[in-house]
Amino acid sequence: CAAMVDVCSSNATRAAILTVQEPEAGTSADDVSSSDEDQPHIEMQEAGWYGVNARFFRSAAPADYVGLAEDNLAKLMFPTFSRMECRRLERIHSAKTQAIQEAFWETLYNLGVLTLLLIMIIDFLGRPLLEAPLWVPCVLSAVFLAYVAIETLYRRHSFFIYWAISLAWLFVMWFAFLYDPQACRGGRFFHHARTIKGGSCTSAEEAEEQAALEQQEASGYRSVNIEICSPRELHVAWMVFLYAEAIVLVCWFLSRVVYPRVVWMLQAQPFMAGFWRFQIGEDTVADEVTQFFERDVVSTGADRQVRCYRGTCRPYNILSDKEVPFQYEGGVDEYGRPSGWGSWTWFKQYHGETMRSWWHEGIPVGPYRSVEYGTAMHVVCQHMGFVSVRDDGDDSVSCWPQRRAEGLRYGRATAECSAAGGFFGFLPRVVKIEDFANLREVMQAVPRQWALNDWSPLLGRRDSHLAQIEKHAVVFVHGFGASLSTAVKVMGQFLALGNLNDESYWPFVFSWPTGGWAAYKYGASQAHTYSPDLIEFFRSLLDAGFTDLHVIAHSAGNRVVLGAVMDPAVESVIRPARVMQDQPRRVPTASWGHREQAPQRVQYSETPRDGVSGAEGPRRLRLQTLTLANADYPMDHFKENVAKVQALAAQTTLICDTKDMLLWWGQLLQGQRALGRCKSAMQSDQFQQEGIDLLDCTAMDQNVRFDRHAYFTFNVVIVDDLVELISNPDKRRASSRSNRLVRRSPRENVFSFLCPPGHVKG
């Protein structure tokens, strides 16, 4: 590799001399390289971080880095560079695939309509639409192709699509010049293959055809076979167009499909460094950058230093000789590989990215935020905890619900999602799933920070500081037919769009065995049996130091959540927000006559964080918000027990849609009205409408699928409202969020979103 790679020797860079620990006397290099503690190793899913077919490089042993000097800095950083190059190629491939699909169908529709319109006009005129010598369309074509070629030189993306569309429009121009209806049989582009002619026949073949047609006419049968007129000149133009489009398609396939896959397979090979003309050197680090990243070194106590690596490469060595600069700036481990907080930047590369991430052994493992230079597409990767009680795989759903025999399974998952700009087709996806023994180990896993707050990571936060922050757990309980990976993707997309990355809010996913759709009726009827597992998970949150709880349940997951809410055992973990009375009191009012007076709200008591009993008993969680989205739960049963829900949760919000098709089918199978299709006000005799709101999303049609069942994590209006509901204690009631919600009636707690329909354009 050192023979193929030239290290930067310009004045802007300086030699990189990496300090490594020399082996002790009497210890061989083989003993050093075989040490399990020093052997770098990264556990990843077989599905891959950058695509199903991605193959990951195998980290070199530390012995390979011993004695690194400036000539071997390229060998040290080449695995990191190849990883970032594979990310760039994956984004190119995904973006081009989406663009080709959209542009193909749009162009096909436009050309079809225009061609049919030209055929109708020319057939009506009975002559070519543009009568001119042959050199006229040739000159116009040359000028048009020259313009397209010049545009291609300045276009850094989608030039294959641009050429394909340009060739299609060029064929339309030639069609207008060459199509002559007088050269067609019957004088039309589309005509019957066999028609009865009047007058005499001019040949024996036509006479035979005339006799056959007269016989068919006498028997009542008439052939309606259609032929398409294709004069010789038009036929030649058509063949040239097809060949040209085929060449463009082959070029696109080689550069956008074959080349990325070859790179994924050969990225760890040394000769790829020479192919890319990979060059790198070490530059001085600015003082403010050193102070910024050294806070992470001080806070974590890790053996890291701050380095700045700058280099150049030629991503398309065959097609272009332009050098593209890149830079890594941040922490490095004892071998000089990126480690800890650091940033990667592609300079002036259209599909290059600027990423700030947590790195481990030269790989960005998250959390991170990345924005593409040319398209401003924003990608967010963050961690979240999960608790599973299911016995099927992470990516699969068994046909029949299967409970995990070992009890609760604790772990941490990493999800990568699009957040802004054009969304990538391969996102959202699950990057990594790792198991831990208990919830405390999940919280203490490195990195302690699960998300980045915009572009400023919360560096320098010591463990003592994290212990002093009130911890809010945001728990998502998925619906029927969802796997653990699906739930992680849904929660990750919600967090990415909602930008809920405050250090005091910790996202979790509770996954329960739903079974396949064939077992829907049985699985829905048994969902409440997993409520004790959810209560046990809440107890684990309490033991881990959490103070507040926010629960979001979707579809049949509401059966699990409401089963836990109505279980008397939950009060040992969650402190009720209100006290229920046997008989409500009636008080006179001036305007409404007699109404039910809600009991005085009980204030949460402040108790020590170590769990010592206080005035209100042992420390318990506070269920601040309970969000029931598209609830697959019997409406009548909920109305009978709504007072229990109001008593336990400080604020309950229902997200309903009367056009939810999946809930409609569920109603037919269950024979009960679904709570998620409710549109009437919710209240109880004990508490009236206190602490409960209903958000009617029936008129919402932005980012809504045809079944209208699972769009609450993709519709930005709903996502923003839920984030404000969770993060702002002063905006818990829907009436206080008047900038986004409007009350349907003064007497009801039913609200609609201030959002125009999708067909209204500005």
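The structure we're discussing is the one just above.
Thresholds applied
- Residues numbered from 1 in each chain as written.
- Predicted model: local features only at pLDDT ≥ 70, side-chain atom pairs only at ≥ 80, totals over all residues.
- Heavy atoms only, no water.
- Buried < 20%, exposed > 50% of the residue type's maximum accessible area, 1.4 Å probe, protein only.
- Helix = DSSP H or I, 4+ residues; strand = E, 2+ residues; numbered from the N terminus.
- Axes fitted to C-alpha atoms, helices over the stretch in contact; angles between N-to-C directions.
- Parallel < 35°, antiparallel > 145°, perpendicular 65-115°, else oblique.
- Contact = heavy atoms within 4.5 Å.
- Nonpolar A, V, L, I, M, F, W, Y, C, P; charged D, E, K, R; others polar.
- Phe/Tyr/Trp six-rings, centres within 6.5 Å; stacked < 30°, edge-to-face > 60°.
- Lys NZ or Arg CZ within 6 Å of the ring centre and 35° of its normal.
- Core = buried A, V, L, I, M, F, W, Y, C linked by side-chain atoms within 4.5 Å.

Participant: How should helix 14 (residues 557-565) be read in this particular structure?
Facilitator: Side chains that are three or four residues apart share a direction in an α-helix, a result of its 3.6 residues per turn. Along helix 14, eight of the nine residues are buried, which leaves the element largely enclosed by surrounding structure. Those residues of helix 14 not exposed but buried are G557, N558, R559, V560, V561, L562, A564 and V565.

Participant: Can you walk me through the packing of helix 3 (residues 135-154) against helix 4 (residues 159-178) in this structure?
Facilitator: When two helices pack together, their arrangement is given by the angle between their axes and by how far apart the axes lie. For the pair helix 3 and helix 4, the least separation of the axes is 11 Å and the interaxial angle reads 170°. Between helix 3 and helix 4, the angle falls in the class roughly antiparallel. In contact with V136, P137, C138, L140, S141, F144, L145, Y147, V148, A149, E151 and T152 of helix 3, helix 4 contributes F159, Y162, W163, S166, L167, L170, M173, W174 and F177. When the residues that make up the contact of helix 3 with helix 4 are grouped by side-chain class, the tally is 17 nonpolar, three polar and one charged.

Participant: Got a minute to help me understand unusual backbone geometry in this structure?
Facilitator: Note: most residues except glycine have negative phi, and most peptide bonds are trans. Residue P367 follows G366 across a cis peptide bond; omega there is 5°. Along the chain, the position of P367 falls in strand 8 (residues 363-372). Along the chain, L427 connects to P428 via a cis peptide bond; the corresponding omega equals 0°. Within the secondary structure, P428 sits in the loop between strand 10 (409-420) and strand 11 (429-436).

Participant: Could you clarify how one ought to interpret the packing of aromatic side chains in this entry?
Facilitator: Aromatic ring pairs are defined here through the distance separating the ring centres and the angle between the ring planes. Using the criterion set out here, one finds 31 aromatic pairs in the structure. Judged by centre distance (6.0 Å) and plane angle (70°), the rings of W344 and W346 are edge-to-face. Assigned by exposure class, W344 and W346 land together as buried. Taken together, the ring pairs connect F78, F81, W276, F278, F326, W344 and W346 into an aromatic cluster. Seen from the ring of W506, K471 lies directly overhead, with NZ or CZ sitting 6.0 Å from the centre. In this structure, K471 packs its charged tip against the face of F546, placed 5.8 Å from the ring centre.

Participant: Got a minute to help me understand the environment of S738 in this structure?
Facilitator: Tracing the chain through its elements places S738 in the loop between helix 18 (716-727) and strand 21 (741-743). Given a relative accessible area of 52%, S738 falls into the exposed group. As for S738 and L754, which are separated by 16 residues in sequence, their C-alpha atoms are 9.1 Å apart.

Participant: For this particular structure, what's the right way to read the nonpolar core?
Facilitator: Side chains of nonpolar character tend, in soluble globular proteins, to be buried together. In this structure, F508, F537, L541 and F638 are the most contacted members of the largest nonpolar core, which totals 61 residues. It is helix 13 (residues 531-543) that contributes the most residues to this core, six residues altogether. Among all residues touching F638, those that are not within four sequence positions of it are L562, L628, Y633, V645, L654, L675, M682 and I692. In terms of nonpolar packing, the next biggest core, distinct from the first, is built from 40 residues, V380, L695, C697 and L741 among them.

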